[in-house]
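Results of the structural survey
The chain contents come next:
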Amino acid sequence: MIRFENVNKLYGDYPALADINAEVARGEVVVVCGPSGSGKSTLIRTVNRLEEIRSGAILFEGRNVHAKMSSAELNKLRSRIGFVFQSFNLFPHLSALDNIILSPHRVNGLGRAAARDRAMALLDRVGLANRAHAFPAQLSGGQQQRVAIARALAMEPPAMLFDEPTSALDPEMVGEVLAVIRGLAQDGMTMMCVTHEMSFARDVADRVWFMDAGRILETGTPDAFFGAPQHPRAQRFLSDLRSR
Amino acid sequence: MLQGAISIVSENWLLLLVGQYPNGPLGGIAATLMLSVLGIALAFPLSVLIALARISRWPLLRAPATALVYVVRGVPLLMIIFWVYFLFPLLLGANVPGFATMVCTLVIYEGAFLSEVVRAGIQALPAGQMDAARALGHSYPRAMRYIILPQALYNMLPAILSQFISTIKETTLGYVINVPELTFAANQINNRLLTKPFEVFLILALTYYVVCYSLSAATTWLERRIATRRAGPAPLAVMEAAG
């Protein structure tokens, strides 16, 4: 469903992404991990072209996202790829409900009443139906991130991307957000998730990609990766993570 | 002296308030405020367009907008008044009344200055806002309209109001092309009395001060209100979080 073909990207002379060849199958949950600066976030941001690439192709449902296309086509593609940010990026001038209504209504032309019904159902699903009229500043970090997930789901995307969805949260709020993502995985959503939550990766991921210096060094099932990592860099990363 | 000032006001209050209206053109404070309100109201939409052009990807939009801003910032307002005063009638082939000349000047001048305020407001928003909008599939114009501009303009309200205050003071320069605003009215009184310039111009200064000070106070109040709203958790949310 999402396929990276010989993807390269440079920041100046530094290879942000180098020779990425990988694929996320439909219904698969891939957790991308690795040390900071390894290119995880850059990789996930290239999927909906928030970042450009230097060469190669990224196919989403068989279509190259980085091909030359009109902005209308690109917007259409983007609306089919849910994206959740580390810093939530809710629109602070809109209530939780209006954050979710805005895009189905304005981008997909869904009627206001229908968009509102869909938004309320999604708020209910992430456990925040009672906070529908709260503004982002009145919500906790965990609540904001759950609204952000609902906002992305409102476009009914066939795939979701998560860029460190819990890294900006206080520890006691991580669980509520991961529970929502876990629920999505159980429903068969195709997902790529950049995260440092290793227990979450173990539970939810079908496969783990380990990245360092812009390359995917190792891929495997969570059991194989966490149990017996092959690459020395991955071994060092995991032992660092455990000794924290 | 105080008595002198009071008697000047009591004899000329109508002239200070509305000029020679209804027997002549509207003047006095009424004209000053109308000039300022019209100037800012017309300059504002223009300034949003200039700001959008200034941050556009296309040099064809960016270059003229940038040039306009730099030229206006680098030329005294009085020069722009003269340019409009002498040039517009030539270009239009018709007489342009002083009031209209002054409104045009203010729109050009304030449009350029306000556009820098608007641009700063847009660029001060976190980049994540545009990212989130684009990731959801919004086009650039739609993201601007529904997500970026509403936030930026709300944040910029105090700066826009303070620009309005400077506009009120700038209308005094309309005097040089005989626009019958407040300063013009005061000067008429002074020319008639001849011996009381200190009192007359004290009244003039006080009048401007009162108008501008009340607006400054409004700006401060607005700034506080915005700061409170941004500070987040409303009492209700705090209670729920605690409970």
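Just so you know, these numbers come straight off a predicted model, no measurement behind them. Note on numbering: residues in each chain are counted from 1, in written sequence order. Chain letters and ligand numbers both follow the written order, the letters beginning at A and the numbers at 1. The predicted nature of this model means local features are confined to residues of pLDDT at least 70 and side-chain atom pairs, given and counted, to a pLDDT of 80 or more, with totals for whole chains, interfaces and linings taken over all residues. Where side-chain values are given, they derive from all heavy atoms of the structure, hydrogens and water being excluded.

Observations concerning the overall build of chain A
- Under the DSSP-based scheme used, a helix requires at least four consecutive residues in state H or I and a strand at least two consecutive residues in state E, with every element numbered from the N terminus. For chain A, the count of helices and strands is 9 helices and 10 strands.
- Taking 2.2 N^0.38 as the reference for a compact globule, 244 residues should give roughly 18 Å; the C-alpha atoms of chain A span a radius of gyration of 18 Å, in line with that estimate.
- Based on the C-alpha atoms only, the size of chain A along its principal axes is roughly 55 × 45 × 30 Å.
- Looking at chain A as a whole, 57% of its 244 residues are labelled buried.
- We call two residues in contact whenever any of their non-hydrogen atoms come within 4.5 Å of each other. Sequence separation of at least 24 residues holds for 64% of the intrachain contacts in chain A that already meet a minimum separation of 6. In this treatment the radius of gyration is a C-alpha quantity, and the globule benchmark scales as 2.2 Å times the residue count to the 0.38 power. The cut-offs for exposure are 20% and 50% of the maximum accessible area for each residue type, with area from a 1.4 Å probe on protein chains only; residues under the lower value are buried, those over the upper are exposed, and the others partly exposed.

Topic: the overall build of chain B
- A tally of helices and strands in chain B yields 10 helices and 0 strands.
- On C-alpha atoms alone, chain B measures out to a radius of gyration of 22 Å, which is more than a quarter above the 18 Å that the 2.2 N^0.38 rule sets for 243 residues.
- The C-alpha extent of chain B, read off along each of the three principal axes, is 70 × 55 × 30 Å.
- When burial is assessed residue by residue, chain B has 43% of its 243 residues classed as buried.
- Computed with the Shrake-Rupley method and a 1.4 Å probe, the accessible areas treat only the protein chains shown as cover for residues. Here chain B displays about 13,000 Å² of accessible surface, and carbon together with sulfur accounts for 70% of that area.
- Where the 15 positive side-chain charges of chain B centre and where its 9 negative ones centre are 11 Å apart. Charged-residue counts in this description rest on Lys and Arg as positive and Asp and Glu as negative, His and the chain ends being excluded. A charged residue contributes its charge at one atom only: NZ of Lys, CZ of Arg, CG of Asp or CD of Glu.

A look at the interface of chain A and chain B
- Opposite the 25 residues of chain A that make contact, chain B presents 22 residues.
- Accessible surface is computed with a 1.4 Å probe, and the buried area is the amount of it that two parts give up when combined, taken over both parts together. Carbon and sulfur atoms supply 58% of the area buried between chain A and chain B, which totals about 2,000 Å² over both sides.
- Counted as salt bridges are all cases of a side-chain nitrogen of Lys or Arg within 4 Å of a carboxyl oxygen of Asp or Glu. Seen at the junction of chain A and chain B, the total is 1 salt bridge.
- Between B:D131 and A:R45 there is a salt bridge, with its nearest N and O atoms 3.0 Å apart.
- Distance and chemistry together define a polar contact, namely a pair of N or O atoms within 3.5 Å, with one atom able to donate a hydrogen and the other to accept it when in protein, and with adjacent residues in sequence counting only for side-chain atoms on both sides. The interface formed by chain A and chain B contains 7 residue pairs in polar contact (both at pLDDT 80 or more).
- If you list the elements that add at least two residues to the side of chain A that touches chain B, you get α2 (71-78), β6 (81-84), α3 (96-106) and α5 (141-153) of chain A.

A word on unusual backbone geometry
- Residue B:P22 is bonded to the preceding B:Y21 through a cis peptide linkage, with omega at 0 degrees.
- Mapped onto the secondary structure, B:P22 falls in the loop between α1 (2-18) and α2 (28-54).
- In the Ramachandran plot, A:D19 falls in the positive-phi region, its phi being about 50 degrees despite a non-glycine side chain.
- Looking at the element boundaries, A:D19 is found in strand β2 (residues 14-24).
- Given the relative accessible area of 45%, A:D19 is considered partly exposed.
- Positive phi, close to 65 degrees, is recorded for A:F88, a residue that is not glycine.
- Among the structural elements, A:F88 can be located in the loop between β6 and α3.

Notes on α2(B)
- Multiplying one less than the number of residues by 1.5 Å gives the expected span of a helix. End to end, α2(B) covers 37 Å across 27 residues, agreeing with the expected 39 Å (1.5 Å per residue, within 8%).
- Bend, in this description, refers to the angle at a residue between axes fitted to the seven residues ending there and the seven starting there. Taken as a whole, α2(B) carries its principal kink of about 30 degrees at B:F44; the proline B:P45 stands between one and four residues after it.

Points about the packing of α3(A) against α5(A)
Residue and element names in this part refer to chain A.
- Axis definition: a line fitted to C-alpha atoms, over the contacting stretch in the case of helices. Angles run 0 to 180 degrees between N-to-C directions. Interhelical geometry of α3 versus α5 gives an angle of 20 degrees and a closest axis separation of 8 Å. Classified by the angle their axes make, α3 and α5 are roughly parallel. Along this stretch, α3 crosses α5, giving a crossing that reads as right-handed. On α5, the residues touching A96, N99 and I100 of α3 are V147, A150 and R151. In this scheme, roughly parallel covers angles under 35 degrees and roughly antiparallel covers those over 145, while 65 to 115 is roughly perpendicular and the rest are oblique. A clockwise turn of the near helix away from the far one marks a right-handed crossing, whereas an anticlockwise turn of less than a right angle marks a left-handed crossing.

Re the pattern of salt bridges
Residue and element names in this part refer to chain A.
- One pass over the full model with this rule turns up 18 salt bridges over all chains.
- The salt bridge partner of D19 is R215, with a shortest N-O separation of 3.4 Å. In this pair, D19 is assigned in strand β2 and R215 in strand β10 (residues 215-220), connecting sequence segments 196 residues apart.
- The closest approach of N and O atoms between E61 and R80, which form a salt bridge, is 2.9 Å. Highlighted residues: E61 in the loop between β4 (55-60) and β5 (63-64) and R80 in the loop between α2 and β6, separated in sequence by 19 residues.

Comments concerning the side chain of B:T219
All names here are of chain B.
- The topology assignment puts T219 in helix α9 (residues 197-230).
- Given a relative accessible area of 8%, T219 falls into the buried group.
- Once residues within four sequence positions are removed from consideration, T219 is found in contact with P158, L161 and I165.

Here we look at the sheet that holds strand β8 (residues 190-194) of chain A
Residue and element names in this part refer to chain A.
- In this description, strands pair whenever DSSP reports at least two bridges between them. Reading across from one edge, β6-β7-β8-β3-β9-β10 is the order of the 6 strands in this open sheet, with mixed pairing throughout. Strand pairing shows two members of the sheet lacking a second neighbour, β6 and β10, which therefore form its edges. The sheet shows a mean angle of 15 degrees between the axes of neighbouring strands, direction not considered.
- Where β6 lies against strand β7 (residues 159-163), 4 bridges are found, and the strand directions are parallel. What sits directly across from F83, in β7, is L161.
- Of the strands in this sheet, β3 (29-33), β9 (207-212) and β10 are in contact with helix α9 (residues 232-242), which crosses β9 at around 100 degrees.

A few points about the nonpolar core
- A:I149, A:M160, A:F162 and A:M191 are the most contacted members of the largest nonpolar core, which totals 53 residues.
- Not counting residues within four places of it along the chain, the set of residues in contact with A:M191 comprises A:V24, A:E28, A:V29, A:V30, A:M160, A:F162, A:I181, A:L184 and A:A185.
- For the purposes of this section, nonpolar cores are sets of buried Ala, Val, Leu, Ile, Met, Phe, Trp, Tyr and Cys residues that join through side-chain atoms within 4.5 Å. Grouped together as the second largest cluster of nonpolar side chains are 51 residues, A:L74, B:M144, B:Y146 and B:L149 included.

Looking at the packing of aromatic side chains
- Aromatic pairs are defined between Phe, Tyr and Trp rings, using the six-membered ring for Trp, whenever the two ring centres lie within 6.5 Å; interplanar angles under 30 degrees are classed as stacked, those over 60 as edge-to-face, and all others as tilted. Per the stated rule, a full pass over the model turns up 10 aromatic pairs over all chains.
- Against the face of A:F91 rests A:R151, its NZ or CZ located 4.4 Å from the ring centre.
- Any Lys NZ or Arg CZ found within 6 Å of a ring centre and within 35 degrees of that ring's normal is scored as a charge over the ring. Directly above the aromatic system of B:Y70 lies the positively charged group of B:R73, at a separation of 4.8 Å from the ring centroid.

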